[in-house]
Amino acid sequence: MPPIAPSPRLSRRSLLRGVAASGLCAAAAPSFALSGSLWPRLPAPRTPRIDHWIEQLGRKRNDPYAWLKYVPSEGSRTLDTLPPMLRDHLRAEMAYAQAMLAPLEPARRRFLDRMLARAGASAAPPLPPTKGWRYGSRRGAESTHPIYVRTSPEGREQTLFDETERARGNAYYRATDHQPSPDDRYFAWAEDVIGNDRHRICILDMQSGTVRIAVEADAYGYGGLVFSPSSRFLFWIWRDAHNRPTRLYRTPVDGGEAVLVYEESDPAIFMQVRRTAAGGFVALTLAGPDTGEVQLIASGAETAAPRIVRPRVRGTSYEVEEWSGRLLMLTDADGAIDRKILSLDPRSFATVAELVPHRPGIPIIALLPFADALVRLERKDSLHRLVLRHDDGREIPIAFDEPAYAIELVQRQDYAAKQVRIIHQTPAMPPRWIDIDLATGARTVVAEEKPRDFDPARYRVERLEAQAPDGETVPITLLSRVDMPANAAAPLLLTGYGAYGIASDPVFSLPATVLVDSGFRYAIAHVRGGSEKGRRWFLDGRRFKKRNSMTDFIACAHHLRTIGRAAPGKIVSDGLSAGGLLVGGALDLEPQLWAGVIAQVPFVDMLNTMSDADHPLVPLFRPDWGDPLADPKAYDYIASISPYENVRRAPYPPVLCTAGLKDDRVSYWEPAKFIAAIRDRSTSANPAILLLDPNSGHQSSDDRDSMFGRAALFWAFAQACTA
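Residues numbered from 1 in each chain as written. Predicted model: local features only at pLDDT ≥ 70, side-chain atom pairs only at ≥ 80, totals over all residues. Heavy atoms only, no water.

Undergrad: Teacher, can you tell me more about the overall build of the protein chain here?
TA: In terms of regular secondary structure, the protein chain is built from twelve helices and 38 strands. Whereas a compact globule of 723 residues would reach a radius of gyration of roughly 27 Å, the protein chain reaches 25 Å, a difference of no more than 12%. Projecting the C-alpha coordinates of the protein chain onto the three principal axes gives extents of approximately 70 × 60 × 55 Å. A buried classification covers 63% of the 723 residues belonging to the protein chain. Taking the intrachain contacts of the protein chain between residues at least 6 apart in sequence as the baseline, contacts between residues at least 24 apart amount to 60%. On the protein chain, roughly 25800 Å² of surface is accessible, and the fraction owed to carbon and sulfur atoms is 50%. The centroid of the 89 positive side-chain charges in the protein chain is displaced by 3 Å from the centroid of its 86 negative side-chain charges. (Helix = DSSP H or I, 4+ residues; strand = E, 2+ residues; numbered from the N terminus. Rg over C-alpha atoms; globule rule 2.2 N^0.38 Å. Buried < 20%, exposed > 50% of the residue type's maximum accessible area, 1.4 Å probe, protein only. Contact = heavy atoms within 4.5 Å. Areas by Shrake-Rupley, 256 points an atom, 1.4 Å probe, with all protein chains shown as cover. Lys, Arg positive; Asp, Glu negative; His and termini not counted. Charge placed at Lys NZ, Arg CZ, Asp CG, Glu CD.)

Undergrad: Quick question: what am I supposed to make of the environment of L68 here?
TA: Within the fold, L68 resides in the loop between β2 (59–62) and α1 (84–101). L68 sits 308 residues away from R376 along the chain, and the two C-alpha atoms are 47 Å apart. Dropping the residues within four chain positions of it, L68 is found in contact with T47, L86, H89, Y668, W669, A672 and K673.

Undergrad: I would appreciate a short explanation of the packing of helix α2 (residues 105–119) against helix α4 (residues 510–517) in the present structure.
TA: Axis angle and axis distance: for two packed helices, these are the angle between their axes and the distance between the axes, and together they describe the pair. Here α2 crosses α4 at 125 degrees, and the two axes come no closer than 10 Å. Taken as axis vectors, α2 and α4 run oblique relative to one another. The handedness of the crossing between α2 and α4 comes out as right-handed. Side by side, α2 and α4 meet where F111, R114, M115, R118 and A119 of the first sit next to L510, P511, V514, L515 and D517 of the second. The residue inventory of the contact of α2 with α4, partitioned by class, reads seven nonpolar, no polar and three charged. (Axes fitted to C-alpha atoms, helices over the stretch in contact; angles between N-to-C directions. Parallel < 35°, antiparallel > 145°, perpendicular 65-115°, else oblique. Left-handed = near helix turned anticlockwise from the far one by under 90°. Nonpolar A, V, L, I, M, F, W, Y, C, P; charged D, E, K, R; others polar.)

Undergrad: Any chance you could explain the nonpolar core here in plain terms?
TA: For soluble globular proteins, the rule of thumb is that nonpolar side chains tend to be buried together. L90, L494, F553, L560 and W594 are the most contacted members of the largest nonpolar core, which has 54 residues in total. Counting residues per element, this core draws most heavily on helix α11 (residues 669–681), which supplies seven residues. Once residues lying within four places of it in the same chain are set aside, the contact partners of W594 are L494, F553, I554, A557, I571, S573, A586, L587 and P653. Among the nonpolar cores identified, the runner-up in size contains 43 residues, and A404, L515, L656 and F717 belong to it. (Core = buried A, V, L, I, M, F, W, Y, C linked by side-chain atoms within 4.5 Å.)

Undergrad: Before we go on, may I ask you to explain the pairing of strand β24 (residues 374–380) in this structure?
TA: Every other side chain in a regular strand lies on the same face of the sheet, so the side chains alternate between the two faces. Burial runs high along β24: six of the seven residues are buried. Here strand β23 (residues 364–369) runs beside β24; their pairing, made up of five bridges, is antiparallel. Bridged to A366 within β24 is L377. As judged from the seven bridges shared by β24 and strand β25 (residues 383–389), these two strands associate in the antiparallel manner. Looking at the pairing, L374 lines up with R389 of β25. Here β24 folds back onto β25, and the loop between the two strands holds two residues, one of which, D381, carries a positive phi near 55 degrees. (Pairing = 2+ DSSP bridges.)

Undergrad: Would you mind showing me how to read the sheet that holds strand β20 (residues 326–331) here?
TA: Working definition: the strands of a sheet are paired by backbone hydrogen bonds and lie parallel or antiparallel to each other. Taking strand neighbours across the sheet as the criterion, the four strands line up as β19-β20-β21-β22 in an open arrangement whose pairing is antiparallel. Of all the strands in the sheet, the pair left with one neighbour each is β19 (318–323) and β22 (351–356). Taken pair by pair, the neighbouring strands of this sheet meet at an average axis angle of 30 degrees, ignoring direction.

Undergrad: Teacher, can you tell me more about the pairing of β25 here?
TA: Counting buried positions along β25 yields seven of seven residues, so the element is predominantly enclosed. Burial of β25 is two-sided: the residues L383, R385, V387 and R389 facing one way and the residues H384, L386 and L388 facing the other way are all buried. Between the end of β25 and the start of strand β26 (residues 395–398), which pair antiparallel, lie five residues, with G393 showing a positive phi angle near 95 degrees.

Undergrad: Can you walk me through unusual backbone geometry in this structure?
TA: Among all residues except glycine, the phi angle is most often negative; among peptide bonds, the trans geometry is most common. For S382, which is not a glycine, the phi torsion comes out positive at approximately 75 degrees. By secondary structure assignment, the location of S382 is in the loop between β24 and β25. Taking the relative accessible area as the measure of exposure, S382 reaches 12% and is therefore buried. One non-glycine residue with positive phi stands out, namely R543, at about 50 degrees. Position of R543 among the secondary structure elements: in the loop between α5 (535–539) and α6 (547–562). According to the relative accessible area criterion, R543 is partly exposed, its value standing at 29%.

Undergrad: Can you help me understand α4 in this one?
TA: Each turn of an α-helix holds 3.6 residues, which means side chains three or four residues apart point in the same direction. Among the eight residues in α4, eight count as buried, and that is most of the element. L510, P511, A512, T513, V514, L515, V516 and D517 are the residues of α4 that are buried. Where α4 is buried, its residues contact α2, β31 (459–467), β32 (473–481), β33 (490–496), β34 (521–525) and α12 (704–722).

Undergrad: Explanation requested: the pattern of salt bridges in the structure shown.
TA: Opposite charge on two side chains permits pairing when their charged atoms draw close. Applying the stated criterion to the full structure yields 48 salt bridges. Between D197 and R665 there is a salt bridge, with the nearest N and O atoms lying 2.4 Å from each other. Of this pair, D197 sits in the loop between β8 (186–192) and β9 (199–205) while R665 sits in the loop between β37 (655–660) and α11, and the two are 468 residues apart along the sequence. Accessibility assignment for this pair places D197 and R665 in one class, buried. A salt bridge links R376 to E395; the nearest nitrogen and oxygen atoms lie 2.8 Å apart. Taken as a pair, R376 in strand β24 and E395 in strand β26 lie far apart in primary sequence, 19 residues in all. In the salt-bridge network here, residues are joined through shared partners; they are R359, R376, E378, R385, R389 and E395. (Salt bridge = Lys/Arg side-chain N within 4 Å of Asp/Glu carboxyl O.)

Undergrad: Explanation requested: the packing of aromatic side chains in the structure shown.
TA: Geometry of an aromatic ring pair is reported as the spacing of the ring centres plus the angle between the planes. Tallying each qualifying case throughout the model produces 19 aromatic pairs. Among the aromatic residues, those joined into a cluster by ring pairs are Y135, Y148, F161, F187 and W189. Over the face of the ring belonging to W133 we find R150, whose NZ or CZ atom lies 3.7 Å from the ring centre. Positioned above the aromatic ring of W238, the side-chain terminus of R247 is 4.2 Å from the ring centre. (Phe/Tyr/Trp six-rings, centres within 6.5 Å; stacked < 30°, edge-to-face > 60°. Lys NZ or Arg CZ within 6 Å of the ring centre and 35° of its normal.)

Undergrad: What should I look at first to understand the environment of P506 in this one?
TA: Mapped onto the elements, P506 comes out in the loop between β33 and α4. For P506, a relative accessible area of 3% corresponds to the buried category. On a C-alpha basis, the gap between P506 and D218 in space is 34 Å, while along the polypeptide they are 288 residues apart. Non-local contacts of P506, meaning those with residues more than four positions away in its chain, are made with A404, Y405, A406, Q425, T426, P427, R463, T477, I524 and H526.

Undergrad: Hey, could you run me through the sheet that holds strand β18 (residues 307–308) in this one?
TA: With antiparallel pairing, the four strands of this open sheet are ordered in space as β15-β16-β17-β18. Two strands bound the open sheet, and with one partner strand each, they are β15 (270–275) and β18. Two strands pair when backbone bridges link them, and strand β17 (residues 291–298) and β18 are joined in this way by two bridges, in the antiparallel orientation. Across the sheet, residue L296 finds its bridge partner in β18, namely R307.

Here you go:
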């Protein structure tokens, strides 16, 4: 399941693993070598096999580890509330993981020390001055979370709040959707202090300095809240008992009862709410993988019922923005799979003109309107580019020269601004904040992260291509040290995702550069199922073509070995969530190709999960995977690729799976069952380790120390696998 729950067309990938932080070290690659025996000779916990026969669509299967699944009748899971047999088993798994990973501690500590030493302080610069306050954040050298600040027109800085202080005393903390009200009086955010993705919403009165909990619990925190244009109301989305966002509420900012604005009955639809760029509307977007609907609330009628722009139609998705006195519709209607832009009348919602036609293979990713220009982010030749479009139809394309890079549009920019701010980065270059003049396209670097003792020139970024079994070419982004000969075979960490149309963008990752310093190469396989080559790239790695993602990933590993970039027997795979499905499937197909596998909260129990109609994400993602409850063809295909069902008698490499006990997206029992199956079937003596976090959900706490600590452990594990 995905790292972020909304529709693939709306969501952005949050993390691959690395936090885009900082830096690098000396020119000579340091040694992180392990010594002695690689793995302790300890017996793994025995997972009892208890027959559990399932009859479905005339098929019959045994799921002997089904007893590992536990869904409480209410509340979130804790170790203390689990059934005794399950609790004892998971505690045994935690003790085993601790003992097996203990020899890696010196290497993990060295990796972590280098990450922390290079990270230093960082700051997201305030947005360009237009009027009123400018908002930003910074992170001190000792801070684990950001400090949010704002700067007055006269240059006076005001500290809003320090997330490190709010996280203090909580075993888990993750905040999202930070935003000021349009009148600069209030500042809101959503925070999860439990680990189950059910947020509370906080509002800071920036005049008095008081923080009020506006929504106590069960709020949706990813695009799930927004101030009304008047700043009088907060619109926010509520999660139901299945953790699905299903209701839109309106709450007075200064206190009062929440009013239900809209309730969605289709469990296959996810919701997001935002203001349009010009502030004329609150937009509620209802979307699934193959459909969409937008409802608008006008700024002058914030308590009125929302109006539907176009009723949802299966097979057609769209989003709506506001620019230059009209509405814009970004849509895949009429076969425009990589999307086109239509101009709509803002009152009748009727189509007025086609602004940008469909261009196959050049997907439009996002729109950001300004009074002086419409900025669109699109992808050409698998890489990002910006286009500035003016009201007279004149366009200025903005591209970069690096072989692999990523561009991000900074959100919530002032509609009246004369420049657009972007974040530009490469696997070798930390993020740079660049202002691009909307009239001319001229670029000004306004800030950049400056890690300690870091020089991008010490690294080489390459864009390569592997040939898949069916002849398709699969892009690869490869990061190496420049002092490592191009044809030197080295240990390799290969990561990928390949699902939901989410691209694996080549962003900067401090942990990746530290790994490369230790003598590894680091590669991203841009496999089918993502969107690097447009919507077709997604469709060719979806549903009955999902195996393509796995064979693409394998092809990338073979190619890097064949051309001498990767040492035979020293390739470690890594995947997160649906990326765990990718590496798990590739593991089953060619277990001897991999020196080790790191599967983070992996979606590996595919057949059983997609057969669970009560799972919060199953109705939404049936178009992506198929419905094994109703379609025999889907059942058979999923059964043929699901990693858990396809563990076979073969010598499996060391496998490290992570899990969060409170995870409702990819529940802990998926990796637990997969690990149990590998131990039962593998003919090697290599360890299969379940690393369970009892305090987290699908995402771990987002403080810097935790993120670096996890990466350091993964790198130590990868190094042990290739020693």
